[in-house]
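Residues per chain are reported as follows:
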Amino acid sequence: MGEPVAGLLRKREDPRQASALELFFDLSFILGLTLLSRRLFHDLTWGNTFETLILFAGAYWIWIATAWATDWYNPNHLIIKGLILGIMFVGLVMVSAIPSAFGGRGFMFAGAYVLVHFARGAVLLTLLRGHPLRQRSLLILIWFAISAVPWLVGAFRPGPERVVLWLVALTIDYGIAWLGWPTPGLGRVPDESLRNVGEHLSERYQQVFIIALGEAILVSGLAYANAGITAVRTLAFGLAFLNVVLLWRGYLIPGDLRIGGILDQNRPRLAVTVALCHAMVIAGTLLTAVGNEVLVAEPLGDPKGAWVMLIVGGAALFLFGRIMYHVAVFHRLPWPGFAGLAILGLLSPVLLLLQPLSISLVTITALFGAVAVDILLIRRAVRQGRLTTAEGTPLAIGQDDER
């Protein structure tokens, strides 16, 4: 292995905390979430919500691919630093197109997305010449080249055609990653090449989730500051804050169980599955953020289906992502989460007739029950030694929970 390549790769013994560069890169995702929430807030329709989630999936895949890159490669290497900063700039251009991505700025969004993946692949292929890991970058780049076709064609097609083509492109990007980028004649990426530094990657997931929670606090806080402050609106602001607290505590359950060691194991599909689960969790948090803004701005507004779509839909998507996360990582079925989803689903027809304040009360109650009961079940299972990894290693509750 040549010295340039040796300095390029992250070593297992390297510091596992996120670097300052990675935290700086996250600023671009903050802009993306803000523009996504603004796009959704100003057009509360099912069609726009679906389009917004497509745009979120594209922005998130840029973030996760970069998080993997800094997990595989040394973020302090000069070329990697330059690559990350370049991706950050192009990513900022991409998310700046979000307000009109399904209008006149379709090519700006899709073109920037494709450019990021092509540029990263080209740089890594050049740096890894003659190294076994070059095969990984080659296979990933081939599949990004394939998905680039519907991305770019869709940019020039209006309306529903763009939606369908970009949905196809995202299906390729997400689905093929889960399969390990299998390529006819070239095989698939070897499992060892996809191994992660679990502690680093779990920290990155927590950081991006905190960013999403920050967006939820920001938009509800601005709505409260800019509206006439009344007793009802203050109550609504309190409920919005409680909603964010429940999402925060519900997410932290895996963190308390020390998942870094689990992600360290050579289980590449688990790493991709965890990324997909986080996509659902963060998308649910995004919907909740806009729902909280509506709650604070119009706590007693006339009943609308959009209120249920945001407030209930955000909680439901968060719970579903959390359920799938626990199934994939801990091999357990968190039945309180299923119960919470069932309750919200059964009550949705009634909630369509209620105001945002009432919808939020019901949703928070269901979310609190699902999170609180599951926390108690997890603690009991861990203390009894019944909750283990797939290899049979007992999980331990974090020190903060023991105090």
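Residues numbered from 1 in each chain as written. Predicted model: local features only at pLDDT ≥ 70, side-chain atom pairs only at ≥ 80, totals over all residues. Heavy atoms only, no water.

With that settled, the discussion passes to the overall build of the chain. When helices and strands are tallied, the chain shows 15 helices and 0 strands. When burial is assessed residue by residue, the chain has 55% of its 403 residues classed as buried. Sequence separation of 24 or more characterises 79% of the internal contacts of the chain that already satisfy a separation of 6 or more. On the chain, roughly 16500 Å² of surface is accessible, and the fraction owed to carbon and sulfur atoms is 69%. (Helix = DSSP H or I, 4+ residues; strand = E, 2+ residues; numbered from the N terminus. Buried < 20%, exposed > 50% of the residue type's maximum accessible area, 1.4 Å probe, protein only. Contact = heavy atoms within 4.5 Å. Areas by Shrake-Rupley, 256 points an atom, 1.4 Å probe, with all protein chains shown as cover.)

A word on unusual backbone geometry. Trans is the prevailing form of peptide bonds, just as negative phi is the prevailing case for residues other than glycine. Its identity as a non-glycine residue notwithstanding, Trp-181 has a phi of 55°, on the positive side. A relative accessible area of 5% means that Trp-181 is categorised as buried.

Turning next to the packing of aromatic side chains. The tally for this structure, following the rule as stated, stands at 17 aromatic pairs. When the ring of Phe-29 is compared with that of Trp-63, the centres are 6.4 Å apart and the planes differ by 45°; the resulting orientation is tilted. Highlighted residues: Phe-29 in helix 2 (residues 20-41) and Trp-63 in helix 3 (residues 46-72), separated in sequence by 34 residues. Of the two residues, Phe-29 and Trp-63, both sit in the buried class. Where Tyr-60 meets Trp-63, the ring centres are 6.1 Å apart and the plane angle is 25°; that geometry is what we call stacked. Pair noted here: Tyr-60 and Trp-63 are both in helix 3, with a separation of 3 residues, about one helical turn. Taking relative accessible area as the criterion, Tyr-60 reaches 0% and is therefore assigned buried. The class for Trp-63 is buried, based on a relative accessible area of 1%. Cluster of aromatic residues (ring-pair linked, three or more members): Phe-29, Phe-56, Tyr-60, Trp-63 and Tyr-205. It is Arg-136 that lies over the ring of Trp-72; its NZ or CZ is 4.0 Å from the centre. (Phe/Tyr/Trp six-rings, centres within 6.5 Å; stacked < 30°, edge-to-face > 60°. Lys NZ or Arg CZ within 6 Å of the ring centre and 35° of its normal.)

Looking now at helix 6 (residues 134-155). Look at helix 6: 31 Å from first C-alpha to last across 22 residues, which is about the 32 Å you get at 1.5 Å a residue. In the structure, helix 6 departs most strongly from a straight axis at Ser-147, where the bend amounts to approximately 30° and where the proline Pro-150 lies between one and four residues downstream. (Expected span 1.5 Å × (residues − 1). Bend = angle between axes of the 7 residues up to and from the residue.)

Time to look at the confidence of the model for the chain. Per-residue confidence for the chain averages 85 on the pLDDT scale, and 86% of its residues sit at or above 70. Note on residues 397-403: pLDDT under 50 across the span, and 13 contacts to partners over four residues away in sequence or across chains. (pLDDT = per-residue confidence, 0-100.)

As a further point, take a nonpolar patch on the surface. On the surface, a nonpolar cluster with roughly 330 Å² of combined accessible area is contributed by Phe-24, Leu-27, Ile-30 and Leu-85. Looking at the nonpolar patch, the element that brings in the most residues is helix 2, giving 3 residues. Along the chain, Phe-24 turns up in helix 2. (Patch = residues over 30% accessible without salt bridge, like charges linked within 9 Å, V, L, I, M, F, W, Y side chains within 5 Å. Salt bridge = Lys/Arg side-chain N within 4 Å of Asp/Glu carboxyl O.)

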